[in-house]
Amino acid sequence: MAFEYPENLKYLDSHEYVRADEDESVVTVGITAFAIDQLGDIVFLELPDIGDAVEKGEKFGTVESVKAVEELKSPVTGEVLARNEVLIEAPEQIGDDPYGDGWLVKIKASDLEELDDTLTADEYKDQVGG
Amino acid sequence: MVLLQTPLYAACVEQKARLTEFAGWAMPVQFSGIRQEHQAVRDRAGLFDISHMGKFTLTGPGVIAALQRLVPSNLARLQPGQAQYTVLLNPQGGIIDDLIVYLKSPLGAETETVALIVNAATTDKDKTWLLEHLAGSDIDLVDESRDRALISLQGPAAAALLQPHSSLDLGKLSRFAHADTTLLGQPAWVARTGYTGEDGFEVMADPATALALWHTLTAAGAAPCGLGARDTLRLEAAMALYGQDIDDTTSPLEAGLSWLVHLDEKDDFVGRSVLEAQKAQGVSRRLVGLAMADRHIARHDYPVLHQGDRVGTVTSGTLAPTLNIPIALAYVATPLAKVGQTLAVEVRGQAKPATVVKRPFYRAK
């Protein structure tokens, strides 16, 4: 199955995507269309509270589907500025618009250079086999 | 490892099945999606390839008498054309497998014929156990597990969908009854059994007939369904899954299967003394249904807690698609196994409230 991976996003091999706004050093994090498809029906989303500190590569939340429980890994170190309350109430909607309304958290990154080792859309696409 | 393929493998791939390894077979886990397939079975009809299941035919003198010594159920209750869900027991009263015993010939006939359908993962183990206990008899065991196809049509519309292709009046086939018939003009065997909590039929036929029937029934509107929906459907119906809810260490009395234990009606069988003792003294744990208070799914092996102490273990859990709440089966200490008891399940380090509820979670209307 072919999924969309927008070119302007950065990707982690743990299936999170990052949209970086370099001026404000605020990043928006979500999970890719591939990950959502693999998980199947998503039933539960656990996200950090606003103001929580998160660390690059560390767990910041959980996504649970009928099939599996997966940890969400933070792409950057920083502070949580916002979380998607709509999605917490209705996690099944995450698949409707993974890169838009399906965002999970916004993080104030302490060092955007932490994103240097992320994957491009093409690299991520290769990794998940198209 | 090269995976085994059922006769319907190519048809399932063609219908966009997502595949998984199950007991050495490449099996469809889902087609359109677990929720949609689940709902199709509850509302209308779904079609499952279950050709991976073990299929034995036993023929010879005294087949039922020989099987009586291996199961806690009284198989002498069976009339030809009827079936009994039961378990093979080990000497410790643990469950070697759960299975359905189908009596095909008159009981006590010179040559009795019995079909057994067993779990895929336990087919070899069961065969060894049966052959060991049939040794010295004139009973012949034929293993057709890899030769014949088995498909399961389940849901309220199952009878209406199958009837046009059957020479048998399906209305005459009651629950757990079975018969040889013709389907699409070819010989086949039909049983009114299933694993979904709905009305339905399981059909055994040669690969070509099963394939033709698969195409015919899906074209007529039966939704192709995978093992994912099979699991959520059976769990809502609180049917045990071997290897998860029941295994070699659980007895049928612990597992809520006392209805298939007929101690007063039969002579000795493997495991009898253990079940007698359990019946006299009571079991220390029981399999119960749990409903979770929030959206967390209690999964296999999660601890069950009461006032902070561990009192049991979850064996199966899912978000029940029909009920839209997380449900689970769990073994808990007998004093806490009462309907209405509040407990907790430890979900990733946190105690989440749960209540013991009646089984099944879902009952067909």
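Counting restarts for each chain: residues are numbered from 1 in the order of the written sequence. Think of it this way: whatever chain is written first is A, whatever ligand is written first is 1, and the rest follow in order. Under the rules for a predicted model, residues below a pLDDT of 70 receive no local features and side-chain atom pairs below 80 are neither given nor counted, while totals for whole chains, interfaces and linings still include all residues. The side-chain numbers reported here are obtained from all heavy atoms of the structure, hydrogens and water having been left aside.

An unreviewed UniProt entry lists chain B under the name Aminomethyltransferase, from Shackletoniella antarctica. UniProt positions are given in the numbering used here, feature names are shortened, and annotations may be inferred rather than shown by experiment. In its Catalytic activity (unreviewed entry) section, UniProt records this for chain B: "N(6)-[(R)-S(8)-aminomethyldihydrolipoyl]-L-lysyl-[protein] + (6S)-5,6,7,8-tetrahydrofolate = N(6)-[(R)-dihydrolipoyl]-L-lysyl-[protein] + (6R)-5,10-methylene-5,6,7,8-tetrahydrofolate + NH4(+)". Check the Sequence similarities (unreviewed entry) section of the UniProt entry for chain B; it says "Belongs to the GcvT family."

As annotated in an unreviewed UniProt entry, chain A carries the name Glycine cleavage system H protein and is attributed to Shackletoniella antarctica. Quoted straight from UniProt, the Function (unreviewed entry) entry for chain A says "The glycine cleavage system catalyzes the degradation of glycine. The H protein shuttles the methylamine group of glycine from the P protein to the T protein." As stated in UniProt under Subunit (unreviewed entry), the record for chain A gives "The glycine cleavage system is composed of four proteins: P, T, L and H."

Peer 1: Quick question: what am I supposed to make of the sheet that holds strand E7 (residues 69–73) of chain A here?
Peer 2: Strand pairing within a sheet occurs via backbone hydrogen bonds; the two strands may be parallel or antiparallel. Residue and element names in this part refer to chain A. Reading across from one edge, E4-E6-E7 is the order of the three strands in this open sheet, with antiparallel pairing throughout. Two strands lie at the open edges of the sheet, namely strand E4 (42–46) and E7, each paired on one side alone. Going across the sheet, the axis of each strand differs from the next one's by a mean of 20 degrees, ignoring polarity. A pair of strands counts as paired when DSSP detects no fewer than two bridges linking them. Put simply, DSSP marks the helices as runs of H or I at least four residues long and the strands as runs of E at least two long, and each gets a number from the N terminus on. Axis angles are defined between N-to-C directions and span 0 to 180 degrees, where every axis is a line fitted to C-alpha atoms and, for a helix, only to the segment in contact.

Peer 1: Mind showing me how you'd approach the nonpolar core here?
Peer 2: Generally speaking, nonpolar side chains in soluble globular proteins are found buried as a group. All names here are of chain B. Residues grouped as a nonpolar core are buried Ala, Val, Leu, Ile, Met, Phe, Trp, Tyr and Cys residues, joined through side-chain atoms within 4.5 Å. Only protein chains enter the area calculation, which uses a 1.4 Å probe; residues under 20% of their type maximum are buried, those over 50% are exposed, and those in between are partly exposed. Counting 42 residues, the largest nonpolar core has Ile95, Tyr102, Ile117, Ile246, Leu257 and Leu275 as its most contacted members. Mapped by element, the contributors of at least two residues to this core are helix H2 (34–43), strand E5 (83–89), strand E6 (95–103), strand E7 (112–118), strand E11 (186–191), strand E13 (223–225), helix H7 (227–236) and strand E17 (325–333). No other element matches E5, which puts four residues into this core. Domain boundaries shown here were taken from an automatic or database domain assignment. Viewed by domain, this core spans two of them, domain 1 (9–53 + 146–236) and domain 2 (55–143), each represented by three or more residues. We call two residues contacting when some pair of their heavy atoms lies within 4.5 Å. Other than its neighbours up to four places away in sequence, Ile246 contacts Tyr85, Ile95, Asp98, Ala240, Leu241, Ala255 and Tyr331. Residues Leu8, Cys12, Ala157 and Leu213 belong to the second largest nonpolar core, which totals 27 residues.

Peer 1: Sorry if this is basic, but what is going on with the interface of chain A and chain B here?
Peer 2: Often the size quoted for an interface is simply the accessible area lost on bringing the parts together. The partner chain B presents 14 residues to the 14 residues of chain A that form the contact. Between chain A and chain B, a total of about 1,300 Å² is buried, with carbon and sulfur atoms accounting for 46% of that surface. The salt bridge criterion pairs a side-chain nitrogen of Lys or Arg with a carboxyl oxygen of Asp or Glu, the two atoms within 4 Å. There are four salt bridges connecting chain A and chain B. The salt bridge partner of B:Arg348 is A:Glu64, with a shortest N-O separation of 3.2 Å. Throughout this description, a polar contact denotes any pair of N or O atoms lying within 3.5 Å of each other; where both atoms belong to protein, one of them has to be capable of donating a hydrogen while the other can accept it, and for residues adjacent in sequence the pair is counted only when both atoms sit in side chains. The tally of links between chain A and chain B comes to eight residue pairs in polar contact (both at pLDDT 80 or more). Computed with a 1.4 Å rolling probe, the buried area is the accessible surface lost when two parts are put together, summed over both parts.

Peer 1: Where do I start with the UniProt feature "modified residue: N6-lipoyllysine" (unreviewed entry) in chain A in this structure?
Peer 2: UniProt feature "modified residue: N6-lipoyllysine" (unreviewed entry): in the numbering of this structure it lies at A:Lys67. Secondary-structure assignment places A:Lys67 in the loop between strand E6 (59–65) and E7. For A:Lys67, the contacting residues outside a window of four places in its chain are A:Gln38, A:Leu39, A:Gly40, B:Arg18, B:Gln30, B:Ile34 and B:Arg299.

Peer 1: Explanation requested: the domain arrangement of chain B in the structure shown.
Peer 2: Residue and element names in this part refer to chain B. One can read the domain layout of chain B as domain 1 (9–53 + 146–236) and domain 2 (55–143). The gap between the C-alpha centroids of domain 1 and domain 2 is 24 Å. Contact with domain 1, which involves 18 residues of that partner, is made by 15 residues of domain 2. Here domain 1 and domain 2 share an interface that buries about 1,400 Å² over both sides, 65% of which is from carbon and sulfur atoms. Contact with domain 2 buries area across many residues of domain 1, yet Met53, Phe176 and His178 alone supply 46% of it, more than any other trio. Here domain 1 is connected to domain 2 by zero salt bridges. There are eight residue pairs in polar contact (both at pLDDT 80 or more) connecting domain 1 and domain 2. Across the side of domain 1 that touches domain 2, the residue classes break down as ten nonpolar, four polar and four charged. Polar here means any residue other than Ala, Val, Leu, Ile, Met, Phe, Trp, Tyr, Cys and Pro, which are nonpolar, and Asp, Glu, Lys and Arg, which are charged; Gly is therefore polar.

Peer 1: I would appreciate a short explanation of H7(B) in the present structure.
Peer 2: The periodicity of an α-helix, 3.6 residues per turn, causes residues three or four positions apart to be oriented the same way. Residue and element names in this part refer to chain B. For H7, the tally of buried residues reaches nine of ten residues, placing the bulk of the element in the interior. Of the residues making up H7, those classed as buried are Leu227, Gly228, Ala229, Arg230, Thr232, Leu233, Arg234, Leu235 and Glu236. With its phi angle positive at about 55 degrees, Ala238 sits one or two positions after the end of H7.

Peer 1: For this particular structure, what's the right way to read the packing of H2(B) against H7(B)?
Peer 2: Residues and elements named next belong to chain B. Two elements in contact, H2 and H7, have axes separated by 8 Å at closest approach and are oriented at 55 degrees. It follows from the interaxial angle that H2 and H7 lie oblique. In this structure, H2 crosses over H7, and the sense of that crossing is right-handed. In this structure, H2 uses Ile34, Glu37, His38, Val41 and Arg42 to contact H7, whose residues at the interface are Gly228, Ala229, Thr232, Leu233 and Glu236. Working rule for angles: under 35 degrees goes down as roughly parallel, over 145 as roughly antiparallel, 65 to 115 as roughly perpendicular, anything else as oblique. Handedness of a helix crossing follows the sense of rotation of the near helix relative to the far helix, less than a right angle counterclockwise being left-handed and clockwise being right-handed.

Peer 1: Looking at this structure, I do not really get a negative patch on the surface. What am I missing?
Peer 2: A cluster of like negative charges, contributed by A:Glu4, A:Glu92, A:Asp96, A:Asp97 and A:Asp101, occupies part of the molecular surface. Along the chain, the position of A:Glu4 falls in the segment before strand E1 (10–11). Residues qualify for a patch when their relative accessible area is over 30% and they have no salt bridge, like charges being joined within 9 Å and the nonpolar side chains of Val, Leu, Ile, Met, Phe, Trp and Tyr within 5 Å. In this description, accessible areas are obtained by the Shrake-Rupley approach with a 1.4 Å probe, and a residue is regarded as covered only by the protein chains that are shown. Residues counted as positive are Lys and Arg, residues counted as negative are Asp and Glu, and His and the chain ends are not counted. Charge coordinates come from a single atom per side chain, which is NZ of Lys, CZ of Arg, CG of Asp or CD of Glu.

Peer 1: Mind showing me how you'd approach the environment of B:Ile325 here?
Peer 2: Looking at the secondary structure, you find B:Ile325 in strand E17. Separated by 32 residues in the primary sequence, B:Ile325 and B:Ala293 place their C-alpha atoms 8.1 Å from one another.

Peer 1: What is the right way to look at the pattern of salt bridges in this model?
Peer 2: Two side chains that carry opposite charge are able to pair once their charged atoms sit near each other. Residues and elements named next belong to chain B. As enumerated under the stated definition, the model contains 18 salt bridges over all chains in all. When the shortest N-O distance is used, the salt bridge between Asp231 and Arg234 registers 2.9 Å. Taken together, the residues span about one helical turn, with Asp231 and Arg234 both in helix H7 at a distance of three residues. Taking relative accessible area as the criterion, Arg234 reaches 0% and is therefore assigned buried. For the salt bridge of Asp245 with Arg234, the shortest nitrogen-to-oxygen distance reads 2.7 Å. Of this pair, Asp245 sits in the loop between H7 and helix H8 (272–281) while Arg234 sits in helix H7, and the two are eleven residues apart along the sequence. Of the residues examined, Asp245 reaches a relative accessible area of 1% and is grouped as buried.

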